[in-house]
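These are the residues of each chain, in order.
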Amino acid sequence: MKIQSNSVVALTYDLYTTENGEEVFVEKATEEQPLVFLYGVGMMLPKFEENLSGLGTGDAYDFHLAAVDAYGEKNESSITELPGDMFEGMDKPEIGSVLPLQDNEGNQFRARVIGVTETGIQVDLNHPMAGQHLHFKGQIINIREATEEELSHGHVHGADGHEAH
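Residues numbered from 1 in each chain as written. Predicted model: local features only at pLDDT ≥ 70, side-chain atom pairs only at ≥ 80, totals over all residues. Heavy atoms only, no water.

Caption draft 1: Broad picture of the nonpolar core. L11, F48, L52, Y61 and F136 are the most contacted members of the largest nonpolar core, which has 21 residues in total. Contributing elements (two or more residues each) for this core: β1 (7–19), α1 (46–52), β4 (60–65) and β9 (134–145). In this structure, L11 is in contact with A29, P34, L35, F37, F48, L52, Y61, Q139, I140 and I141, ignoring residues within four places of it in sequence. Of all hydrophobic cores here, the second largest spans eight residues; its members include L82, A111, I121 and V123. (Core = buried A, V, L, I, M, F, W, Y, C linked by side-chain atoms within 4.5 Å. Buried < 20%, exposed > 50% of the residue type's maximum accessible area, 1.4 Å probe, protein only. Helix = DSSP H or I, 4+ residues; strand = E, 2+ residues; numbered from the N terminus. Contact = heavy atoms within 4.5 Å.)

Here you go:
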């Protein structure tokens with residue numbers, strides 16, 4: 001079977017970014033703990049999926065994604081200051097820590113603390129990998145058709161399709 005829309009794909013990967021002209025290892029998915037996802041439903045980066053399209057079980061892959069095709073360029077307008085009174089009665093967060101936040105519509109997101117002042121907490125709302133070029137290397141472990149339940153739920157129910165949630 002080849003990867004196509006509504007396939008469940010299990011794969012390994014090594015992910016690298018570039019810092020100061022050198023490739024730096026970031027993370028990996030192994031055969032024991034693969035990345036398993038429903039292909040073609042918007043779960044993954046579109047260009048990531050595009051590079052996997054048509055591959056089959058056992059196929060290796062090795063591709064690069066420019067920042068614009070991954071998590072986008074860093075957006076300076078996504079750096080803001082939260083008012084200090086939001087943190088009244090608690091310790092001020094440390095620089096580098098990640099804060100779970102929620103907007104007025106109930107959407108949850110995370111912000112990385114980049115500064116602490118007397119009046120507030122400076123946060124970066126960009127994705128942690130915004131502005132970075134990504135390099136993926138790995139292998140396709142398994143491909144199967146998604147179950148009707150997975151398709152109706154919009155996500156995978158485990159590598160074999162029988163995992164409860």
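Caption draft 2: Representation of the packing of aromatic side chains. For the structure on display, the rule yields seven aromatic pairs. An angle of 35° between the planes, with centres 5.6 Å apart, marks the rings of Y61 and F63 as tilted. Taken together, Y13, F37, F48, Y61, F63 and F136 form an aromatic cluster joined through their ring pairs. (Phe/Tyr/Trp six-rings, centres within 6.5 Å; stacked < 30°, edge-to-face > 60°.)

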